[in-house]
Amino acid sequence: MQPCWDKLRKLALAEVEATLEELPVALCERARALPVTFERRPNRALQADGFAPDTLGMFVGAEFAEEGHSPMPPQIILFLLNLWEFAGGDEEIFSDEVHTTYLHELGHYLGLDEDELTERGLD
């Protein structure tokens, strides 16, 4: 059973805010300037571009060091229905996964690759 979309958004937003509060001040300020968008699942266009339908999150746009050199503004997208299903419908696991996925995508914004994120436990 899928929960109400508004409930998922509120849970995810609360977790993103809690995660931001844990960051060092300088990083928190930079991260707060990066928009976070909540979507249900990757749309057909994203899937056509090679993103799996069960993708949990993604970073789009230029990395921090490259901002201003890309036509697309940077943002993090979290796919809440995929995160909910990944968590098996458990709110606590969902919040943990929102936390991890948000930090993973923030790491991409900061220029970390998949190996560097895995080394930090953010895979």
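Below is a summary of the structure that appears in this document.

About the cut-offs
Every chain is numbered on its own, with residues counted from 1 as its sequence reads. Owing to the predicted nature of the model, reporting of local features is limited to residues with pLDDT of at least 70; listing and counting of side-chain atom pairs is limited to 80 or more, with chain, interface and lining totals taken over all residues. Side-chain measures here rest on the full set of heavy atoms in the structure, leaving out hydrogens and waters. The numbering of helices and of strands both runs from the N terminus, where a helix is a DSSP run of H or I of at least 4 residues and a strand a run of E of at least 2. Here a residue-residue contact requires only that any non-hydrogen atoms of the pair lie within 4.5 Å. The Shrake-Rupley method, run with a 1.4 Å probe, gives the accessible areas here. Residue values count only the displayed protein chains as cover. Here a salt bridge means any side-chain nitrogen of Lys or Arg lying within 4 Å of a carboxyl oxygen belonging to Asp or Glu. Think of it in three bands: with a 1.4 Å probe and only protein chains considered, a residue is buried below 20% of the maximum accessible area for its type, exposed above 50%, and partly exposed in between. Paired strands, as defined in this entry, are two strands with at least two bridges between them according to DSSP. For helices, the fitted axis covers only the stretch in contact; all axes are lines through C-alpha atoms, and the angles between them, taken along N-to-C directions, range from 0 to 180 degrees. Any two rings among Phe, Tyr and Trp, with Trp reduced to its six-membered ring, count as a pair given centres within 6.5 Å; such a pair is stacked if its planes are under 30 degrees apart, edge-to-face if over 60, and tilted if neither. Charges are assigned to positions over rings by a cutoff of 6 Å between ring centre and Lys NZ or Arg CZ, combined with an angular limit of 35 degrees from the ring normal.

## Examining the overall build of the protein
The helix and strand inventory of the protein stands at six helices and three strands. For the protein, the succession of helices and strands along the chain, N to C, is α-α-β-α-β-β-α-α-α. When its C-alpha atoms are laid out on the principal axes, the protein stretches across 40 × 35 × 25 Å. Counting contacts in the protein only where the partners sit at least 6 residues apart, residues at least 24 apart contribute 60% of the total. Total accessible area computed for the protein in this model is approximately 7,300 Å², and 52% of it derives from carbon and sulfur atoms.

## What about the pattern of salt bridges?
Summed over all chains, the structure comprises four salt bridges. Glutamate 91 serves as the salt-bridge partner of lysine 7, at 2.5 Å between the closest nitrogen and oxygen. With lysine 7 in helix H1 (residues 5-22) and glutamate 91 in helix H5 (residues 91-109), this residue pair connects regions lying 84 residues apart in the sequence. A residue is classified by how much of its surface remains accessible, and glutamate 91, at 34% relative accessible area, is partly exposed. Measuring nitrogen to oxygen at the nearest pair gives 2.6 Å for the salt bridge that ties glutamate 21 to arginine 32. Linking glutamate 21 in helix H1 with arginine 32 in helix H2 (residues 25-32), this pair joins segments that are 11 residues apart in sequence. Salt bridges linked by common partners bring Glu17, Glu21 and Arg32 together as one network.

## Considering the sheet that holds strand E1 (residues 36-39)
The three strands lie next to each other as E1-E3-E2, forming an open sheet whose pairing is mixed. Two strands bound the open sheet, and with one partner strand each, they are E1 and strand E2 (57-60). Strand-to-strand twist in this sheet, taken as the mean axis angle between neighbours without regard to direction, amounts to 20°. Across four bridges, the pairing between E2 and strand E3 (residues 75-79) is antiparallel. Within E3, the residue paired with methionine 58 across the bridge is isoleucine 77.

## A look at the packing of aromatic side chains
Tallied over the entire structure, the rule returns two aromatic pairs. Ring geometry for phenylalanine 59 versus tyrosine 109: centroids 5.6 Å apart, planes at 55°, classification tilted. You can see phenylalanine 59 sitting in strand E2 and its partner tyrosine 109 sitting in helix H5, a full 50 residues away along the chain. Look at phenylalanine 59 and you get buried, because its relative accessible area is 15%. Centre to centre, the rings of tryptophan 84 and phenylalanine 94 are 5.6 Å apart; their planes meet at 65°, and the pair counts as edge-to-face. You can see tryptophan 84 sitting in helix H4 (residues 80-86) and its partner phenylalanine 94 sitting in helix H5, a full 10 residues away along the chain. Lying over the aromatic face of tryptophan 5, arginine 40 brings its terminal NZ or CZ to 4.2 Å of the ring centre.

No statement about biological role is implied by the geometric values presented.
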